[in-house]
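In case you want the letters, here they are:
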Amino acid sequence: MSLAVIQMVSQSDVLANLAQARRLLEQAAAGGAKLAVLPENFAAMGRRDIADIGRAEALGEGPILPWLKQTARDLKLWIVAGTLPLPPVDQPTAKVHACSLLVNDQGETVARYDKLHLFDVDVADNRGRYRESDDYAYGSGVVVADTPVGRVGLTVCYDLRFPELYSELRAAGAELITAPSAFTAVTGAAHWDVLIRARAIETQCYVLAAAQGGTHPGPRETFGHAAIIDPWGRVLAQQDQGEAVLLAERDSSEQASIRARMPVSSHRRFFSQGARRPASER
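This section reports on the structure supplied with the text. Everything quoted here is computed from the prediction, not taken from an experiment.

## Comments concerning the overall build of the protein chain
Point 1. When its secondary structure is counted, the protein chain shows seven helices and 17 strands.
Point 2. Scaling as 2.2 N^0.38, a compact globule of 282 residues should have a C-alpha radius of gyration of about 19 Å, and the protein chain matches this with 19 Å.
Point 3. Seen along its three principal axes, the alpha-carbon backbone of the protein chain occupies a region of about 60 × 40 × 40 Å.
Point 4. When the 282 residues of the protein chain are sorted by exposure, 52% land in the buried category.
Point 5. Taking all contacts inside the protein chain whose residues are at least 6 apart in sequence as the whole, residues at least 24 apart take part in 67%.
Point 6. About 12,100 Å² of surface is accessible on the protein chain, with carbon and sulfur atoms providing 50% of the total.
Point 7. Computing the positive centroid from 30 side-chain charges and the negative centroid from 33, the protein chain places the two 5 Å apart.

## Looking at the packing of aromatic side chains
Point 1. By the definition in use, this model includes five aromatic pairs.
Point 2. Measuring from centroid to centroid gives 6.0 Å for Phe-42 and Trp-67, while their planes differ by 35 degrees, and the two rings are tilted. Here Phe-42, found in the loop between strand 2 (33-37) and helix 2 (50-58), pairs with Trp-67, found in helix 3 (residues 64-75); they are 25 residues apart in sequence, far enough to count as distant.
Point 3. Ring geometry for Phe-119 against Tyr-130: centres 5.4 Å apart, planes inclined by 55 degrees, an arrangement best described as tilted. One end of the pair, Phe-119, is in the loop between strand 5 (109-114) and strand 6 (120-122); the other, Tyr-130, is in strand 7 (residues 129-131), and eleven residues separate them in sequence. There is no split in this pair, since Phe-119 and Tyr-130 are both buried.
Point 4. Through a chain of ring-to-ring contacts, three or more aromatic side chains come together here, namely Phe-119, Tyr-130, Tyr-158 and Phe-162.

## A few points about helix 2
Point 1. Regarding helix 2, the residues found buried are Ile-50, Ile-53, Gly-54 and Glu-57. Seen from one end, helix 2 has its buried residues packed into an arc of 95 degrees, which puts them on one side.

## Focus: the layout of surface pockets
Point 1. Computed from the structure, the largest pocket encloses a volume of approximately 440 Å³.
Point 2. Arg-47, Arg-48, Arg-127, Asp-135 and Arg-220 are the residues nearest the centre of the largest pocket, which is lined by 22 residues in total.
Point 3. Here the element with the most residues in the lining of the largest pocket is strand 7; it accounts for three residues.
Point 4. Considered class by class, the residues forming the lining of the largest pocket number eight nonpolar, four polar and ten charged.
Point 5. Approximately 200 Å³ is the volume found for the second largest pocket.
Point 6. Lining the second largest pocket, in full, are Glu-57, Ala-58, Leu-65, Lys-69, Leu-86, Pro-87, Pro-88, Val-89, Pro-92, Leu-101, Thr-109 and Arg-112.
Point 7. At the level of secondary structure, the elements contributing two or more residues to the lining of the second largest pocket comprise helix 2, helix 3 and strand 5.
Point 8. When grouped by side-chain class, the residues that make up the lining of the second largest pocket number eight nonpolar, one polar and three charged.

## With respect to the pairing of strand 11 (residues 206-209)
Point 1. Residues Tyr-206 and Leu-208 line one face of strand 11 and the alternating positions Val-207 and Ala-209 line the opposite face, and both faces are buried.
Point 2. Considered for its hand, the β-α-β crossover made up of strand 10 (residues 176-178), helix 5 (residues 185-203) and strand 11 is right-handed.
Point 3. Taken together, the three bridges between strand 11 and strand 15 (residues 226-229) define a ladder with antiparallel strand orientation. Along strand 15, the bridge assignment pairs Leu-208 with Ile-228.

## With respect to the nonpolar core
Point 1. Judged by nonpolar contacts, the single largest core of 45 residues is most densely connected at Leu-35, Leu-102, Leu-154, Leu-160, Trp-192, Ile-196 and Leu-208.
Point 2. Each residue touching Leu-35, except ones within four places of it in the same chain, is listed here: Ser-2, Leu-3, Ala-4, Leu-77, Trp-78, Val-80, Leu-102, Thr-147, Val-149, Val-152 and Leu-208.
Point 3. Counting 31 residues, the second-largest nonpolar core is a separate cluster that includes Val-14, Ala-28, Leu-75 and Cys-99.

Basis of the calculations
Residues numbered from 1 in each chain as written. Predicted model: local features only at pLDDT ≥ 70, side-chain atom pairs only at ≥ 80, totals over all residues. Heavy atoms only, no water. Helix = DSSP H or I, 4+ residues; strand = E, 2+ residues; numbered from the N terminus. Rg over C-alpha atoms; globule rule 2.2 N^0.38 Å. Buried < 20%, exposed > 50% of the residue type's maximum accessible area, 1.4 Å probe, protein only. Contact = heavy atoms within 4.5 Å. Areas by Shrake-Rupley, 256 points an atom, 1.4 Å probe, with all protein chains shown as cover. Lys, Arg positive; Asp, Glu negative; His and termini not counted. Charge placed at Lys NZ, Arg CZ, Asp CG, Glu CD. Phe/Tyr/Trp six-rings, centres within 6.5 Å; stacked < 30°, edge-to-face > 60°. Arc of directions from axis to C-beta. 1 Å grid on protein atoms, 1.4 Å probe; cavity = no way out; pocket = protein on both sides within 12 Å on 5 of 7 lines; lining within 4 Å. Points joined across faces, edges and corners; volume = space filled by probe spheres on them. Nonpolar A, V, L, I, M, F, W, Y, C, P; charged D, E, K, R; others polar. Right-handed = clockwise from strand over helix to strand, strands pointing away. Pairing = 2+ DSSP bridges. Core = buried A, V, L, I, M, F, W, Y, C linked by side-chain atoms within 4.5 Å.

Here's what the structure looks like:
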């Protein structure tokens, strides 16, 4: 049950990015992967016409979705398509979501996750200001799906800072969690490794953290360090910068043993706001 995580340095040219992604996915399939995860914004970085790209895809006039389905079929590979801009299924002219699609090896869309947490943050880099909500609508809902490598939960990038989402995915049966990302160089250097390992440890899931790793139009510099983390928090594979294909095996027996020896999911306790009492009353 081989897993693959892809690192890219996507630019503004959609067709060139798709060609690069195809080459990397071919390497993943040749390495025995059954499921591969592409990074956030794999098809385009630094574009200001996000809405137009998403509208074209929704109307069947864009190149990304046909490419994705054909690639999955050709390579007999399940693919988590990092993110691409897509409006709601029944509203092709509505504001787009940062959408992560899970496509099976027949080219069929099995699950869709719309990014819940949007990166509206000021960063001390050469860009300074990020406002994803200018381009994207907020998603809603937790998404998990069965695959040949296990039950997969879907997240994206900035979601990594919100552990309650990952707890919900574990409660929904997730055994692996995907986190396609494009962390800035500044925030990545400070927090990336800590976050991806913490999310794996607390959920006892494999975390498949695809990434962008290099310089993009905008200008924008991404941290890279794509990685595969096991349920004990061990880094099974990692790449600092540049394009890469990372491969690792899922050991379901070891994962079950970790969960049995340390049954954190059954130990978790929740306290509602109304149930909290002042310290003087305890």
